[in-house]
Every structure is written in C-alpha cells, then in structure tokens.
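Per-entry structural report
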Amino acid sequence: MEKTTDVLIIGSGIAGLYTALKVSKFANVILVTKKEKTESGTNYAQGGIASVLDGTDSFENHINDTLVAGAALCDRERVEILVKEGPEHIRELMEIGTRFTMSGNEFDLAREGGHSHARIVHAQDLTGREVERALVEYVSSVPNITILENHLAIDLLTEHNIKKLKNSPIDSRHCWGAYILDIENEKVIKIKACATVLASGGIGQVYLHTTNPAIATGDGFAMAYRAGARLSNMEFIQFHPTSLYSTGTSSTREQAFLISEAVRGFGGILRTKSGDRFMGKYDSRLELAPRDIVARAIDSELKKEGEDFVYLDITRKPASEIKVHFPNIYEKCLSIGIDITKDFIPVVPAAHYACGGVIVDSFGSTSLQFLYAAGEVSMTGVHGANRLASNSLLEALVYSGRASAAIKKQLETKSTVLPQIPDWDEAGVLTPDEMVVISHSEKEVKQLMSDYVGIVRSDLRLERAQRRINTLFEEVEEFYKKNKVFSSLIELRNLVTCAYLIVKCALLRKESRGLHFSLDYPASSQDVPSDTVIRNKYQKS
Ligand SMILES: Cc1cc2nc3c(=O)[nH]c(=O)nc-3n(C[C@H](O)[C@H](O)[C@H](O)COP(=O)(O)OP(=O)(O)OC[C@H]3O[C@@H](n4cnc5c(N)ncnc54)[C@H](O)[C@@H]3O)c2cc1C
C-alpha cells in the first residue's frame, strides 16, 4: 500500500506536533507515531522550558549559561537563535491553550542547575504533559493533518531503494518518505512525501537505567545513519543525576522516575547513605552545579562507598510548599512508601538525553535533501558537550519552527517529482524461539553500554564494548534479513546501531569534555574543540 503527502512527520512529541502545527498552515501533513499519540519523551518532562521572560534576566545571561554548560563546544550563533527566538514560541504555546503556572500575571519562573537566573517556565512539575496535551488537542483538530498511531517508521526512502539509482553518490541523495510498519495490521506501507521530518526523540533505552520511556530506542538516529545522513557528537549522553532508585523489574524496557532538577533548585541537598553532604568536595556550586558534574560526583561516591544509591534531602523545606511545587514527585514517592516531606529520597544517575544526533543547519535541514530533523534526534549545535537543563524543549520549539520555514520554502521553490519506489519485501517468518533471542540481545546491549560506556569511560572499556557490539550488530542484521519485520526486532536493530554510533564517537574523542569523561584523557584537549562526525560509508537495506 502507498500513501502520498506533502510532508511526512515521524514522531508525536513536542518537535513533531509543533512542526505539524506550523506546516499545516501551508501543506498537507501525515504524522506517524509508533504508539498512542501522547506517548513521547515530551510527555514525561517535568521541570519546564528555559526562556528569558523577566526584566531582571537577559538574553546574554541565558546565552552565557548555555555556552558554559556546553564546555566550549556549542555553536554560538545557534545558541543566540535558540535564546532570542524562544519567548515568541512560549507565547504561541499559550495561544493554543497551554496553561503554565503563573504568579498573578507573571510567569512563576523556577531556577535549575547551571542557570544564573530563575527562567524556567513550567506547569507545576508536569510541564511536558501539559504541553503535549495542548499540542495534541490543537493538532488533532486541524483537518489537513492526518495522525497515524501505532505506525512505526522502519527506514527512509532514498535512491538506495531504487535499483538503477542504488549507487548514486551519497552526497547528492534525497529522502522521499519512509517505509512504515502498520503495527495493528502487521503490514508495511510506503508513505511518499516531498519533505520528511525526523522528530523521533531520544535514545535512552540503549542503557539499563534511563528516564526515557520505552519509545526512546533511537530509531531516527539509526534510520538517518543507514540512509547516509551525517551524525555528530553521539558520545555526549547526559545522565540525569537524580532518578528515583528502584530495585528494578524484569521488564527489558524500564523507565526510571525522574526527580527533577527543580528539587535541587528548590534547596534539595545530596547526601551519602550515612547522611553526609558531599557536593562541596566536587564543585563550589554544590547541588546546583551542571548535571555532568553532579552525576559524576554521585557516581564517584557510589563507587567509593560501594552503595547503590545516594539520598536527596528536601525535608528542611515546609511540607506545604513541597506539595505545591512537586505534587507529582510527592505522589509517586508516597506510592512506594517515601514521604518526601519527612524522608530522604534514594536516587541514582540514569541516561537522560542525547546531545548529539543528526546534523542540521540552522533551518533543520540534514545532509540528505528533503530530510529535516527536529527535537532530540537532531544536532543543532546548541548543547555542545553538555545540555543546560530545560533547553531541550526550547530547542525543539525554536528549531521545529525554523524547519517549517525551510519546508515552506522548499515546497514553494522546488518541484519534487516523487519516484517509483518498490513495495516492501514481506518475505520471512518468525518462530517463537526467536523472540527470546530478541529480548536477550536487547538486555545484552543495555548491560554492556551501562558497564563500559557510562558516566566514566576508558579506551579499554570502549574497545571491549565495540567488539561486542560489532558481533551483536552482525547477529541482528542476520536475523533481520531472514525474518518478517515487527516492532521489537526493528527497535533492537536500531538500539544496536545507536550503541555502535555512541561507542564510535566516544573512541574518536581523545579528551574529556562535558559529558564525555575518559580515564585515559582526563583533561580537555588544548586544541580548538571540534565535533565528532560520522557517516555510513555504505548502505544496508
Ligand atoms: C523524564 C524526562 C524529563 C525531562 N524533563 C525535561 C525538562 O524539564 N525540560 C526540558 O527541556 N527537557 C526535558 N526532558 C527532555 C525532553 O523532554 C526531550 O528532549 C523532548 O521532549 C524530546 O522531544 P521530541 O519531540 O524530540 O521527542 P519525543 O517527545 O520523545 O517524541 C518522539 C516521538 O517519536 C515517536 N517515534 C519514535 N520512533 C518512531 C518510529 N520509528 N516511528 C514512528 N514514531 C516514532 C515516539 O513514539 C514519540 O511520539 C526530559 C526528558 C525526560 C525523559
């Protein structure tokens, strides 16, 4: 089966929905999403969106804070765009019905780690859910946007799908849509489009402990890589310092509950299991140091003490204020017997955010023509080696808006003839035995990424991870070729590819910078810092 549209958007988080909202003003959109439309990383964002909305703050302050967190690797021009264009998009979200927490007529701005001012716009501690609600409601009411739930993008349509163009140079390739698995009907359809937007979110499920939901299997990174697009800085995985410690479940795709940065901003103190405050040993900003520093400090304390978690203590604050500011965290902890107004909260670092991704220009265009990327899957250059808290929702808004402008220009100025592309080859079978292999392989990737490619790295650990990932990669490819495709197989293939990309970039960086810390190169290089760039030399189908 084949569908055709002006613009295909892959993903229904903030980036996909906001792009759809903008693009629908001049073009028809099909938006595919692999689960229900609200299921996304966005839906779980708690803290909020960083933006300069108060006279006591300034663009320059926000720009500087972002550059400092990024450890000299941010693209200053892109950061300026991010910061200066941010406020107009916050107002646009309000125009479509997003209800942020206000203090009278002013925003109730919170402060988070790494920010010199209070500038986090939030909706209590459920900001992502509120933004997602408003966007889904708006986008669902627009007639020229078709949303297809339970539709999973498998691979992008490019020259390589067409026999006579298969060997065309990678630098002049186009994207004309994607093969999509209709999960309920177990059929692969082709959606052809003049422009395609990857808005498929993050990668956290490549690790054992992550704050990311089950959908975060890095599909967009892997699809773009297979299609020959350029990716960059995949080694910079941000570990959130404080996810709620749990003894774990038997599920392959666990999502750790996040104890927001805002709790530290509100006065939360980190303590060892014996109750000692320890951040003073690591940074003068104490608990409000940037995330990489706090995560490494916790990692170091855990290793020193041989413990599984440290504590976050907010008990010195009035109970009534805690409940007003953090109703969601309060309820969640209470549900497992922890009253955060009286008890310390057990926390551990968990994989949280991918700073690298598919390289885009300042208008969201990737290195493949007619392919755009927005949100966490993209690499705009604003995060450098470490993302400043609450800058990712902002990045998704600002750069989705810009990608929409580029798509408008493309549709107005370039006439796209969509070529004939063969149907998906449905051949293949699956035996129940093989399901076990898939879940075991997924656990294996997560375990080895957590063991060897976590917060503290070394060449030895990375090389060991690389050897094992290469073997897994070959096994999964073999499997993929002989089987009928289905969700968990496609996602496993993508997870293994993403693990490969992270390790490959980590091995390229011979220094410690931002989120990448290597025991072999503990200092930052004195050379002008540069991005690690990778690209697939050949294309596998
Ligand atoms: C617990 C948590 C708290 C956070 N808190 C904050 C915060 O306070 N402030 C902040 O700025 N950032 C925060 N972040 C980060 C931020 O939420 C994400 O970076 C951002 O929401 C990503 O938006 P996105 O649109 O790129 O992706 P997502 O919101 O993750 O959406 C991706 C979408 O793509 C779909 N998808 C994926 N693969 C496919 C495929 N193959 N086919 C079809 N559909 C697919 C998914 O189902 C989903 O709908 C937080 C993240 C988490 C996990």
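Source: prediction; values computed, not measured.

Looking at the overall build of the protein chain
Helix and strand counts for the protein chain come out as 13 helices and 19 strands. Scaling as 2.2 N^0.38, a compact globule of 541 residues should have a C-alpha radius of gyration of about 24 Å, and the protein chain matches this with 22 Å. C-alpha atoms of the protein chain, sized along the principal axes, occupy 65 × 50 × 50 Å. In the protein chain, which comprises 541 residues, the share counted as buried stands at 55%. Considering only contacts within the protein chain whose residues lie at least 6 apart along the sequence, 75% involve residues at least 24 apart.

Concerning the nonpolar core
Of all hydrophobic cores here, the largest spans 165 residues; its most connected members are Val7, Val358, Ala499 and Ile502. Sort the elements by how many residues they give to this core and helix α13 (residues 487-508) lands first, with 13 residues. Leave out the neighbours within four places in its chain, and Val358 touches Leu198, Gly220, Phe221, Ala224, Ala229, Leu231, Thr366, Ala373, Val377, Ser378 and Met379.

A look at the packing of helix α3 (residues 76-95) against helix α10 (residues 391-413)
Orientation of α3 relative to α10, taken along the N-to-C sense of each, is 90°, at an axis distance of 9 Å. When the axis of α3 is compared with that of α10, the two are roughly perpendicular. In contact with Ile81, Leu82, Glu85, Gly86 and His89 of α3, α10 contributes Leu394, Glu395, Leu397, Val398 and Gly401.

Re the site of the ligand
Taken together, 42 residues form the shell around the ligand, and within it Gly11, Gly13, Gly41, Gly201 and Gly375 come nearest. Looking at the shell around the ligand, the elements that each hand over two or more residues are α1 (14-23), α4 (127-140), β8 (151-156) and α10. Per-element tally for the shell around the ligand: the top contributor is α10, with four residues.

Observations concerning the environment of Lys190
On the secondary structure map, Lys190 appears in strand β10 (residues 187-198). C-alpha separation for the pair Lys190 and Ala153, spaced 37 residues apart in sequence, amounts to 9.6 Å. In contact with Lys190, not counting residues within four places along its chain, are Glu2, Leu157, Gly177, Tyr179, Ile421, Asp423 and Trp424.

Re the pairing of strand β1 (residues 2-10)
A regular strand places its side chains so that they alternate between the two faces of the sheet. Here eight bridges tie β1 to β10, and the two strands are oriented parallel to one another. Across the sheet, the residue bridging to Lys3 is Ile191, located in β10. Relative to strand β2 (residues 29-32), β1 runs parallel, the two sharing four bridges. Within β2, the residue paired with Ile10 across the bridge is Val32. Note that the unit made of β1, α1 and β2 has a crossover that is right-handed.

Overview of the environment of Asn328
By the secondary structure assignment, Asn328 is in helix α9 (residues 327-335). Residue class for Asn328 comes out partly exposed when judged on the 15 C-beta atoms lying within 10 Å of it. Residues Asn328 and Asp125 lie 203 residues apart in sequence; the distance between their C-alpha atoms is 6.4 Å.

Considerations on the sheet that holds strand β16 (residues 357-359)
Taken together, the four strands give an open sheet; going across it, the order is β18-β16-β11-β19, and neighbouring strands pair in mixed fashion. If you trace the sheet from one side to the other, it starts and ends with β18 (378-379) and β19 (533-534), each paired once. Bridging between strand β11 (residues 231-232) and β16 involves two bridges; their strand directions are antiparallel. Residue Ser232 lies in a different strand from β16, and its bridge partner there is Gly357.

Notes on the domain arrangement of the protein chain
Annotation of the protein chain at the domain level lists domain 1 (2-236 + 355-413), domain 2 (242-350) and domain 3 (432-523). A separation of 28 Å is found between the C-alpha centroids of domain 2 and domain 3. If you look at the interface, domain 2 gives six residues, while domain 3 gives eight residues. Looking at which element gives the most residues to the side of domain 2 that touches domain 3, the answer is helix α7 (residues 291-305), with four residues. Considered class by class, the residues forming the side of domain 2 that touches domain 3 number two nonpolar, one polar and three charged.

Some thoughts on the sheet that holds strand β15 (residues 345-354)
A sheet is described by the order of its strands in space; here four strands give the open sequence β12-β15-β14-β13, paired in antiparallel fashion. With partners counted over all chains shown, the strands left at the sheet margins are β12 (237-244) and β13 (269-271), one partner each. Across this sheet, the average inter-strand angle for adjacent strands is 45°, counted without regard to direction. The sheet contacts of α7 involve β12, β14 (310-313) and β15, and relative to β12 the element is tilted by about 60°.

Considering the pairing of β14
Because side chains alternate across β14, one face comprises the buried residues Val310 and Leu312, and the other comprises Tyr311 and Asp313, equally buried. With three bridges joining them, β13 and β14 adopt antiparallel strand pairing. Bridging from a neighbouring strand, Ile269 pairs with Asp313 of β14. With three bridges joining them, β14 and β15 adopt antiparallel strand pairing. Across the sheet, the residue bridging to Leu312 is Ile345, located in β15.

Reading the values: rules and limits
Residues numbered from 1 in each chain as written. Predicted model: local features only at pLDDT ≥ 70, side-chain atom pairs only at ≥ 80, totals over all residues. Helix = DSSP H or I, 4+ residues; strand = E, 2+ residues; numbered from the N terminus. Rg over C-alpha atoms; globule rule 2.2 N^0.38 Å. Buried ≥ 20, exposed ≤ 12 C-beta atoms within 10 Å, placed from the backbone. Contact = placed C-beta atoms within 7 Å. Core = buried A, V, L, I, M, F, W, Y, C linked by C-beta atoms within 7 Å. Axes fitted to C-alpha atoms, helices over the stretch in contact; angles between N-to-C directions. Parallel < 35°, antiparallel > 145°, perpendicular 65-115°, else oblique. Near = placed C-beta within 6 Å. Pairing = 2+ DSSP bridges. Right-handed = clockwise from strand over helix to strand, strands pointing away. Domains from an automatic or database assignment. Nonpolar A, V, L, I, M, F, W, Y, C, P; charged D, E, K, R; others polar.

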